[in-house]
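Fold and geometry: a report
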Amino acid sequence: MPELRAAVVLQVALLLSAVPVQYLISRWSGSTAVQRFHATTRLLRIWKEWRGSYLNGTAWTDWTNQQMSRVMSLFGFGQEGETAPESPPIETMMYDNDQGFFGASKTVRSPRPPYVFLRVGEVVLERNRQMVGVVVSWDPELRAPPEWVDRVYSDFEGTKAERTPHYKVLFNGPGPSSLMVAYLPQTQLERITGMRPDIPTLENYFTHFDGERFVMQPWLRELFPEDEEEDA
């Protein structure tokens, strides 16, 4: 059987499409020159619309990025990059907000509840996706907008999550120098040692890495005064 080349396949496809195109033109066009002109104009307009949407690489890229953003938000992740200003409001709030959501509260976390196991500056492993990140804040219980809670948790999970400590964690993003921010329950994180991840913006929160965990900047230590104290 002879090998079919791409050019041959394209030629056959064009020939096969000729009949339906001729039929379409005959249905749209008329017997007069004016009718044929209007029919041709309509075909050209449809072609431009298809070329600007379905046949446009930029349009497909934008659509893919939108779908990725929706998937990331369903798992409680926000993503920072060149398109950050176009992020939905809730994803923008993941980085900072005035409502105290997602670990952004300026309330001093003291005394430290004994059921909060992780500390600011510790390196953690996200168990589901095996991603390594750094804790930059925590809440003794879930603090997030109701619409975000409904999107991330089921009714049963949401009731349980409300009483679970949650942590704001920084991760490397998918692109160079990109950042992902997550607000995750304690049950989804595991402390790890002996690893220093290179994550953008860590210098805004920490002064250095002491070999076990990152040491907080003075402003962050004021919010979490007991996080650098060793357990008795």
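Residues numbered from 1 in each chain as written. Predicted model: local features only at pLDDT ≥ 70, side-chain atom pairs only at ≥ 80, totals over all residues. Heavy atoms only, no water.

An unreviewed UniProt entry lists the protein under the name Hemimethylated DNA-binding domain-containing protein, with Amphiprion ocellaris given as the organism.

**As for the overall build of the protein**
Of the regular secondary structure elements, the protein holds seven helices and eight strands. The 232 residues of the protein split such that 35% are buried. For the protein, contacts bridging at least 24 residues in sequence account for 58% of all contacts bridging at least 6. Taken as a whole, the protein presents about 15100 Å² of accessible surface, with 58% of it coming from carbon and sulfur. (Helix = DSSP H or I, 4+ residues; strand = E, 2+ residues; numbered from the N terminus. Buried < 20%, exposed > 50% of the residue type's maximum accessible area, 1.4 Å probe, protein only. Contact = heavy atoms within 4.5 Å. Areas by Shrake-Rupley, 256 points an atom, 1.4 Å probe, with all protein chains shown as cover.)

**A word on the packing of aromatic side chains**
This structure, assessed with the given rule, holds nine aromatic pairs. With a centroid separation of 5.3 Å and an interplanar angle of 85°, the aromatic rings of F102 and Y183 are classed as edge-to-face. Here the residue F102 occupies a position in the loop between helix 4 (89-93) and strand 2 (123-126), and Y183 occupies one in strand 5 (residues 179-185), the gap between them amounting to 81 residues. Classification of F102 as buried rests on a relative accessible area of 1%. Taking 5.5 Å as the distance between ring centres and 55° as the angle between the ring planes, the aromatic pair formed by W138 and F224 counts as tilted. On the criterion of sequence distance, the pair formed by W138 in strand 3 (residues 131-139) and F224 in the segment after helix 7 (218-223) is long-range, its members being 86 residues apart. No difference in accessibility class separates W138 from F224, as the two residues are buried. (Phe/Tyr/Trp six-rings, centres within 6.5 Å; stacked < 30°, edge-to-face > 60°.)

**Focus on the environment of L220**
Positionally, L220 belongs in helix 7. The exposure class of L220 is buried, given its relative accessible area of 2%. It is 9.6 Å that separates the C-alpha atoms of L220 and V108, two residues lying 112 residues apart in sequence. Not counting residues within four places of it along the chain, the set of residues in contact with L220 comprises V120, V136, Y205 and F206.

**Side note on the nonpolar core**
Ranked by internal contacts, the top residues of the largest apolar core, which has 44 residues, are F102, V120, L142, W148, Y167, L170 and F206. Ranked by residues supplied to this core, first place goes to strand 5 with six residues. Excluding anything up to four places from it in sequence, L170 contacts G133, V134, V136, L179, M180, V181, I199, P200, T201, L202 and Y205. (Core = buried A, V, L, I, M, F, W, Y, C linked by side-chain atoms within 4.5 Å.)

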